[in-house]
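# Examination of the molecular architecture
Single-letter residue listing:
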Amino acid sequence: MLEQLLRKKPIQPHAHTGLKKCLTAFDLALLGIGGAIGTGIFVLTGIAAATQSGPAVVLSFIIAAIAAGFAALSYAELSSSVGGSGSAYGYSYVAFGEFAAWMMGWMLLLEYGVGAAAVANGWAGYFVNTLSNLGLHLPAHLTKAPVLGGTINLPAFAIIWVLTLLLMVGVKESARANNLMVIIKLSTIAIFLALSVGHIHTENWLPFMPFGWFETLDNGKNIGVLAGASLVFFAYFGFDAVSTAAEECKLPQRDLPIGLIASLSFCTIIYIIVSGTLTGVIPYHELNTSSPVAYALTKLGYTWSSTLVATGVLAGLITVLLVLLYGLTRILFAMSRDGLISPVFSAVNPDRQTPSKIILLCGTVVSIVAGFIPLGELAETVNIGTLASFIMVCIGVIRLRQTHPDLPRPFKNPFNPLIPLGGVITCGALMSFLPASTWHRFGLWAVVGVVFYFVYSLRHSRLR
């Protein structure tokens, strides 16, 4: 039994699998930006500033960026040398064995699947509000899940299917749509900065750290810069979806590291500038609102700002959704190909060169979850799943340096093992700052994954 749990896949870097190789380094960088810039910048910036970090939310973003940066460098090394659509799942398979790989894949399903459903719910809320501002009103029962008194959250259900059909058309077409939406949301951010920078008052940055570094209140709530970092880390999840594009990249050994590092670096700079500007324009304690950017512009007298921000948010969340669905389909495609889920879903459409069956499966499941189930606090569990996958990737770099020292590594981390160890330590620390309830849900998800593995995956694995 132990031998079966530890059986490893041979490394076959960047083998051709029937998927269309058409993505460039530019496409990959925008894919990472599309996955990362969304809720984090338009929503979490204000909430973290008002409730956990104050103006020092800038430090929270920097700390989260350091942890994500260590992980990005580790992803860059493994994506260029090991490759594969499975991302951290595939890396774990060759480094630690099948059971660890399955659990990593299971955590990625939490990150991408639950994350996509949660973002779809957020997008639906903005969409309904935007329609209301234009004088158009959807029936209330079509905007809520059944347990909330409605029939279906139709906007959330529908946007998942629109993007599912786009993914089925082809990866290059999906990348073009993502690139357009990224340009729209970056334009929105640029307009916000241009309008706000002249209204910064440095006294709003004082006191700079009103909540200190870290403290747990009597009600169990964590506050401080470090607690804020664990919250805004949500802003960085999604960039790792770049690694799931390995089998559709023209020059994966070169372009994957470029896409990963460029997207994370760009997003970090944007987060720091926007959070610093926001807290300089508006006192931090006023920013506990679902749309802090729109609130700030309204306070400055730009009454048309809600339409501008709504456009940026809708475009931003669509790109996040597209990237999450794309990553989810490619990870499940890899797991299906290995037999850990039904191999039926690993078929590639010969005309479109896309895994159509797994895309349909993901669209069906995620749309049902988004349309009929209010996720609530379950969405918070996405952060802990992401951090766990980052830690596994960092350990994987260290492990493969020991077991495969002669493996060609087009991108190689300097000062090994300091960078992956830094990722393990920083991501582990951010996990420790998350609430206990998040850990409980994470443990329950892991238990379900273990049961599924022993009931189905262990007996159907291709390596068996």
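Rules behind the numbers
Residues numbered from 1 in each chain as written. Predicted model: local features only at pLDDT ≥ 70, side-chain atom pairs only at ≥ 80, totals over all residues. Heavy atoms only, no water. Helix = DSSP H or I, 4+ residues; strand = E, 2+ residues; numbered from the N terminus. Rg over C-alpha atoms; globule rule 2.2 N^0.38 Å. Buried < 20%, exposed > 50% of the residue type's maximum accessible area, 1.4 Å probe, protein only. Contact = heavy atoms within 4.5 Å. Areas by Shrake-Rupley, 256 points an atom, 1.4 Å probe, with all protein chains shown as cover. Lys, Arg positive; Asp, Glu negative; His and termini not counted. Charge placed at Lys NZ, Arg CZ, Asp CG, Glu CD. Axes fitted to C-alpha atoms, helices over the stretch in contact; angles between N-to-C directions. Parallel < 35°, antiparallel > 145°, perpendicular 65-115°, else oblique. Left-handed = near helix turned anticlockwise from the far one by under 90°. Nonpolar A, V, L, I, M, F, W, Y, C, P; charged D, E, K, R; others polar. Phe/Tyr/Trp six-rings, centres within 6.5 Å; stacked < 30°, edge-to-face > 60°. pLDDT = per-residue confidence, 0-100. Polar contact = N/O pair within 3.5 Å; in protein donor to acceptor, adjacent residues only side chain to side chain. Disulfide = S-S within 2.5 Å. Salt bridge = Lys/Arg side-chain N within 4 Å of Asp/Glu carboxyl O.

### Quick look at the overall build of the protein
From N to C terminus, the protein includes 16 helices and 2 strands. In summary, the protein has a C-alpha radius of gyration of 21 Å against a globular reference of 23 Å for 464 residues, a match within 12%. On the principal axes, the C-alpha backbone points of the protein span a range of 65 × 50 × 45 Å. A buried classification covers 57% of the 464 residues belonging to the protein. Excluding contacts between residues fewer than 6 apart, the proportion of contacts in the protein whose partners are at least 24 apart in sequence is 83%. Counting only carbon and sulfur atoms, one obtains 69% of the accessible surface of the protein, whose full area is about 17,700 Å². Here the protein carries 25 positive and 19 negative side-chain charges, and the mean point of each set is 9 Å from the other.

### Focus: the packing of helix α2 (residues 25–36) against helix α8 (residues 171–196)
Contact pair α2 / α8: the axes reach a minimum separation of 9 Å and the direction vectors enclose 60°. Between α2 and α8, the angle falls in the class oblique. For the crossing formed where α2 meets α8, the hand is left-handed. Each of F26, D27, L30, L31, I33 and G34 in α2 lies in contact with α8, whose residues at this interface are K172, N178, N179, V182 and K185. Of the residues in the contact of α2 with α8, the class split is 5 nonpolar, 3 polar and 3 charged.

### Quick look at the packing of aromatic side chains
Per the stated rule, a full pass over the model turns up 17 aromatic pairs. The interplanar angle of 20° and the centroid separation of 5.1 Å between the aromatic rings of F61 and Y271 together place this pair among those described as stacked. Of this pair, F61 sits in helix α4 (residues 57–81) while Y271 sits in helix α10 (residues 252–281); the two residues are 210 residues apart in sequence, bridging distant segments of the chain. Here F61 matches Y271 in class, with each residue buried. Ring geometry for Y453 and F454: centres 5.3 Å apart, planes at 85°, overall edge-to-face. A residue is classified by how much of its surface remains accessible, and Y453, at 0% relative accessible area, is buried. An aromatic cluster is built from F99, W102, W106, W445, F452, Y453, F454 and Y456, whose rings are joined through pairwise contacts.

### Observations concerning the confidence of the model for the protein
With 96% of its residues at a pLDDT of at least 70, the protein reaches an overall mean of 85. Within the protein, the lowest mean pLDDT, 77, falls on helix α1 (residues 2–6), and the highest, 92, falls on helix α7 (residues 154–169).

### Quick word on the side chain of T319
Of note, T319 is situated in helix α12 (residues 305–337). On the basis of relative accessibility, which here comes to 1%, the residue T319 falls in the buried class. There is a polar contact of 2.7 Å between the side chain of T319 and the backbone oxygen of G316. Not counting chain neighbours up to four residues away, the residues in contact with T319 comprise G34, I37, N178, M181, V182 and K185.

### Some words on the environment of F99
Looking at where F99 falls in the secondary structure, it is placed in helix α6 (residues 98–133). Taking the C-alpha atoms as reference points, F99 and F454, 355 residues apart in sequence, are found 9.5 Å from one another. Beyond its immediate chain neighbours, meaning those up to four positions away, F99 contacts L5, V450, Y453 and F454.

### Quick look at the state of the cysteines
The full count for this structure, using the stated rule, is 0 disulfides. Considering cysteine sulfurs only, C249 is the nearest to C22, which forms no disulfide, with 9.3 Å between them. Counting only cysteine sulfurs, C22 is the nearest neighbor of C362, a cysteine outside any disulfide, at a range of 19 Å. A relative accessible area of 4% places C362 in the buried class.

### Quick look at the pattern of salt bridges
For the structure shown, the criterion picks out 8 salt bridges. R401 is the partner of E77 in a salt bridge, and the nearest nitrogen-oxygen pair spans 2.9 Å. Taken together, the residues E77 in helix α4 and R401 in helix α14 (residues 381–403) connect sequence positions 324 residues apart. No difference in accessibility class separates E77 from R401, as the two residues are buried. When the shortest N-O distance is used, the salt bridge between R337 and E247 registers 2.9 Å. With a gap of 90 residues between them, R337 in helix α12 and E247 in the loop between α9 (225–232) and α10 connect regions that are remote in the sequence.

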